[in-house]
Amino acid sequence: MDGLLLNAVIYLAAAVIAVPIAKRLGLGSVLGYLIAGAIVGPWVLKLITDVEAILHFSEFGVVLLLFVIGLELNPRRLWQMRWPILGLGGGQVVGCTLALTALGYLLGWPWQVALAAGLGLSLSSTAIALQPLTERNLLGTPGGRSAFSILLFQDIAVIPMLALLPLLAFAPVNDAQSEGWIGAAKAVAAIAIIIFGGRYLTRPLFRIIAETGLREIFTATALLIVMGIALMMQLAGLSMALGAFLAGVLLAESEYRHELESDIEPFKGLLLGLFFTAVGMSVDFGLLVSKPGTVIGLVVALLALKGTVLFIIARVARMPMSQTALFTFLLAQGGEFAFVLFGAAAGVGIMSQETEALLTVVVALSMATAPLLVVINDKLVEPRFVQIDDRPHDTPEDEGNPVIVAGFGRFGQIVVRLLYANRIGVTVLDHDPEIIDTLRQFDFKVFYGDATRLDLLEAAGAAKAKVLVVAVDTQEASLALVDLAKQHFPNLKIVARARDLPHAMELMNREVPVIERETFRSALAVGEQTLRALGQTAYAARQKTLTFKQHNEELLLQLHAHWDDEIGTRITLQRQARARLQQNLEADEKAQENARGLGWD
Amino acid sequence: MGVQVTDKPKILVLFAHPYPHLSRVNRAMVDAVADLPHITFHDLYETYPDFHIDVKREQALLLSHDVVVMQHPFYWYSCPSLLKEWMDAVLEYGWAYGTGGDALQGKELVQAISTGGPDEAYRNDGYNGITMAELLRPFERSAALCGMTYGTPLLLQGVRMKKQLEVEAHAQIYRSWLEAYPHPRNCVGCDAPDVPEQDR
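Residues numbered from 1 in each chain as written. Chains lettered and ligands numbered in written order. Predicted model: local features only at pLDDT ≥ 70, side-chain atom pairs only at ≥ 80, totals over all residues.

Draft legend 1. Fine view of the overall build of chain A. Scanning chain A for helices and strands turns up 25 helices and 6 strands. Among the 601 residues that make up chain A, the fraction classed as buried is 41%. Taking the intrachain contacts of chain A between residues at least 6 apart in sequence as the baseline, contacts between residues at least 24 apart amount to 71%. (Helix = DSSP H or I, 4+ residues; strand = E, 2+ residues; numbered from the N terminus. Buried ≥ 20, exposed ≤ 12 C-beta atoms within 10 Å, placed from the backbone. Contact = placed C-beta atoms within 7 Å.)

Draft legend 2. Here's a closer look at the sheet that holds strand β6 (residues 514-517) of chain A. All names here are of chain A. Ordered in space as β3-β2-β1-β4-β5-β6, the 6 strands form an open sheet in which the pairing is parallel. In the strand order of this sheet, the two ends are held by β3 (446-448) and β6, each with one partner. Between one strand axis and the next, the sheet turns through 20° on average, direction left out of account. (Pairing = 2+ DSSP bridges. Axes fitted to C-alpha atoms, helices over the stretch in contact; angles between N-to-C directions.)

Draft legend 3. A look at the packing of helix α3 (residues 51-71) of chain A against helix α11 (residues 240-251) of chain A. Residue and element names in this part refer to chain A. Contact geometry of α3 with α11 gives a least axis separation of 7 Å together with a crossing angle of 25°. In terms of orientation, α3 lies roughly parallel with respect to α11. In this structure, α3 crosses over α11, and the sense of that crossing is right-handed. Contact residues: Val62, Val63, Leu64, Leu66, Phe67, Val68, Ile69, Gly70 and Leu71 in α3; Met240, Ala241, Ala244, Phe245, Leu246, Ala247, Gly248, Val249 and Leu251 in α11. (Parallel < 35°, antiparallel > 145°, perpendicular 65-115°, else oblique. Left-handed = near helix turned anticlockwise from the far one by under 90°.)

Draft legend 4. Expanded view of helix α5 (residues 81-90) of chain B. Residues and elements named next belong to chain B. All of the buried residues along α5 are Leu82, Leu83 and Trp86. Viewed along the axis of α5, the buried residues span an arc of 100°, placing them on a single side of the element. On its buried face, α5 is in contact with β1 (11-15), α3 (44-47), α4 (55-63) and β3 (67-73). (Arc of directions from axis to C-beta.)

Draft legend 5. Just the pairing of strand β2 (residues 426-430) of chain A, in detail. Residues and elements named next belong to chain A. Where burial is concerned, most of β2 is hidden: 5 out of the 5 residues are buried. On β2, burial covers both faces: Val426, Val428 and Asp430 on one face and Thr427 and Leu429 on the other are all buried. Direction of pairing for strand β1 (residues 403-406) relative to β2: parallel, over a ladder of 4 bridges. Note on β2: the bridge partner recorded for Ala406 is Leu429. Tracing the backbone out of β1, into helix α18 (residues 410-421) and back to the parallel element β2 gives a crossover that is right-handed. Where β2 lies against β3, 3 bridges are found, and the strand directions are parallel. In the sheet register, Leu429 faces β3, and the bridge partner there is Phe447. (Right-handed = clockwise from strand over helix to strand, strands pointing away.)

Draft legend 6. Highlighting the nonpolar core. With 128 residues, the main nonpolar core has A:Val63, A:Leu64, A:Phe67, A:Val226, A:Ala244, A:Ala247 and A:Val362 as its most contacted residues. Contact partners of A:Val226, with chain neighbours within four places excluded, come to A:Val63, A:Leu64, A:Phe67, A:Ala244 and A:Ala247. (Core = buried A, V, L, I, M, F, W, Y, C linked by C-beta atoms within 7 Å.)

Draft legend 7. Molecular detail of the environment of A:Gln413. By the secondary structure assignment, A:Gln413 is in helix α18. For A:Gln413 and A:Ala471, which are 58 residues apart along the polypeptide, the C-alpha to C-alpha distance reads 9.2 Å.

Draft legend 8. Broad picture of the confidence of the model for chain B. Residue and element names in this part refer to chain B. With 92% of its residues at a pLDDT of at least 70, chain B reaches an overall mean of 90. The model gives residues 1-5 a pLDDT under 50, and that stretch makes 0 contacts with residues more than four places away or in other chains. With pTM at 0.51, the complex prediction returns an ipTM value of 0.80. (pLDDT = per-residue confidence, 0-100.)

Draft legend 9. Structural context of the environment of A:Val44. All names here are of chain A. Summarising the element assignment, Val44 is placed in the loop between α2 (29-40) and α3. C-alpha separation for the pair Val44 and Phe285, spaced 241 residues apart in sequence, amounts to 8.8 Å. For Val44, the contacting residues outside a window of four places in its chain are Ala38 and Ile39.

Draft legend 10. Inspection of the environment of A:Lys493 at higher detail. Residue and element names in this part refer to chain A. Mapped onto the secondary structure, Lys493 falls in strand β5 (residues 493-498). As a C-alpha pair, Lys493 and Leu468 span 25 residues in sequence and 6.1 Å in three-dimensional space. If we skip the residues at most four places from it in the chain, Lys493 touches Lys466, Val467 and Pro513.

Structure follows, in structure tokens:
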């Protein structure tokens, strides 16, 4: 018990210290965990030594991750993805395996060893690749979808790979064949159980549990199902993650989807963090010190070979250049399944212990490089690629337009159309080439470029313009642009779109004179129409809506004054405000009723 | 019979009341005339709650009717603000008055008004010290500027004191009053001088 508690404290402390620092340095959370693991691991502080057990335990984070991803993909969408999965995934696994096997053979390894290594190294890390994709909301983009397809295919491909290994062994293992048949039968049975259970048993089960109203039991049930499936898959010799994914897909259409997602989420996050930490710990720095050339050479060769294959696949799949880079960098590393595969290969005697240790270090190190590569991609490669890809940033001609609109998505477009309709000169900046081409056909003058760049703003005439409309999509870009404009063009009046409340607060911190919350007015309109649909007169509904709006805007100011206070204070404030609004509306109603006696008849 | 129906003037009722759900008199009046075949009932506060008036649409409505009835409560000795906004926006220079502004020539404007104060108050010796006819002069002059005749208004005064029966009776009077159109010319503004051509 003491040991467990001590270990937990060490992990949590390492994560709490290292991750925020890494994040602040722009390295991303994954790298933070990896560094934390390396530091507490057996090679630096030696606080934790039983890496194997931790790694094994924390693999559960990957299982939960795939369960959550499965929840977001229903069977129909999965079926729609069958060709990308087979095509891209198949291409990647076959291509990488061939290239890596050839490399191993050239290094003088027997072909069986080379093939086993090639198979293992062709796999990428689902957890490491998906984390940045979900963090940046890129799963919906072509690059993100392709990466996901490949990862999914790899998870499935692990199964035949594990089945293939014993056949590669120099001396046939006893009963290999019957074992294979039994294994196949077990696998089919396990998957059948998951599909049947997911379809017919889980929903009634969740309904019964939900009716008890015990939230923690619901969470326990969710965890039980995922863990149970993982256990079953492991017994059947299949990928736990794949089983969890299947279960997730089957539950994606159930009414409990969102609840499951939010219940599993914290476990997933913590366990994934633990997993990354464990990977950091498992890097055998001893081997790195004794054979630095070999290890680093192999890591570089692995990344280069896989990267090349991925790059070719991306080109063949006609992925945009800007996404190709991220796609290549994310999938070029080795993955956690490689550890499993190498372990199995060593188990059946294909690989020597030394080779296994060497390859494990290579994979672990390559996994550690993935977040670094993502940072490099963000800072150096992608900006350049975006230019090669589409076009150089336009140099907007300074036409002396009084208004600059940054961001020409569905929001900025309406602003610009209103201004155009009133013959007001507008210089529009956007960084989405597709949007720009479409809109140029409609005779809108739109310039391609990143509005947060000073030179572009200058070229757009920011020094002479009167108003800057900040309608860019992300809060980050919006605030960067506001800061830039305030610093360099203090005379420019800023009119800003706020995505949400925190964004509005940030804009208020910067004393932006006009802040419009993007959904506020349309939501008010829907509320007003609802009042009318309930039979209230149009004018009364309008007045009530405007009263509410005025009140809400006052509340926004109060909230802003207390924004940095504790959440509790803010909640109290909001509660008081709600009570006050109620009183105001009631008083208003009374005033109208009084008016009846005074003359409105 | 059919010929007679087509001979009936077409009446546009411009109803202006910000709180019809709190009203007794005006709601009863509306209910009483809603089913009349030759009237178009037009609720201004329901149509333009944000005071943005579709001028073209309103002008088209005016063109397709012969009589314009402004039905409203009397408030601050005038009409509710949206009706004033309607006049400001719809009765445009060059359309309703001014050079070439003859679209409404020969049509009739008339008001159906409820007042809180009793009729005795609207006398020279009453507490208001001024008559309804005098208070309604801006409407009468507006009609004249548009080349419209200004009909005798239909009044219900001292509405707070009225019993439910009286209110219902008034609503029926309103109905027959509208049904009786065209009214004989014995109106307030009929003997008022026409606006000279150069001043329109």
